[in-house]
Amino acid sequence: MFALLFTNGVFFSYALYLALEKKANVLKNKVFWMTIVGLAISLYLTWHFFPVHVPLEHSLLP
């Protein structure tokens, strides 16, 4: 889970860096779009594998 969160952070920060560095020409940059696609795939995997129904307390305790 931490690996997916780390990957999301890396993809987001690199896309943000490219957007701030290139500004007007960022939409023409192939690396920017590959980063956005990678971020979308990583976010989907994080959403898909994130344990939603994990209780905060152990149910075996009285």
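Everything discussed here concerns the structure shown above.
Residues numbered from 1 in each chain as written. Predicted model: local features only at pLDDT ≥ 70, side-chain atom pairs only at ≥ 80, totals over all residues. Heavy atoms only, no water.

## Some points on the overall build of the protein chain
So, point 1. When helices and strands are counted, the protein chain shows 2 helices and 0 strands.
So, point 2. Across the 62 residues that make up the protein chain, the buried fraction comes to 18%.
So, point 3. Counting only contacts in the protein chain whose residues sit at least 6 apart along the sequence, the fraction spanning at least 24 positions is 53%. (Helix = DSSP H or I, 4+ residues; strand = E, 2+ residues; numbered from the N terminus. Buried < 20%, exposed > 50% of the residue type's maximum accessible area, 1.4 Å probe, protein only. Contact = heavy atoms within 4.5 Å.)

## Section: the environment of Leu27
So, point 1. In this structure, Leu27 sits in the loop between helix H1 (2–22) and helix H2 (30–49).
So, point 2. Under the relative-accessibility criterion, Leu27 is labelled exposed at 55%.
So, point 3. In this view, Leu27 contacts Phe32 and Trp33; residues no more than four positions away in its chain are not counted.

## Structural notes on the packing of aromatic side chains
So, point 1. Taken as a whole and judged by the stated rule, the model has 3 aromatic pairs.
So, point 2. Centroid distance Phe32 to Trp33: 5.3 Å. Interplanar angle 75°. Geometry classified as edge-to-face.
So, point 3. Taking relative accessible area as the criterion, Phe32 reaches 10% and is therefore assigned buried.
So, point 4. Residues Tyr44 and Trp47 carry aromatic rings whose centres are separated by 6.0 Å and whose planes lie at 40° to one another, so their mutual orientation is tilted. In this pair, Tyr44 and Trp47 are both assigned in helix H2, 3 residues apart and thus about one turn of the helix distant.
So, point 5. In this structure Tyr44 comes out as partly exposed when scored by relative accessible area, which is 46%. (Phe/Tyr/Trp six-rings, centres within 6.5 Å; stacked < 30°, edge-to-face > 60°.)

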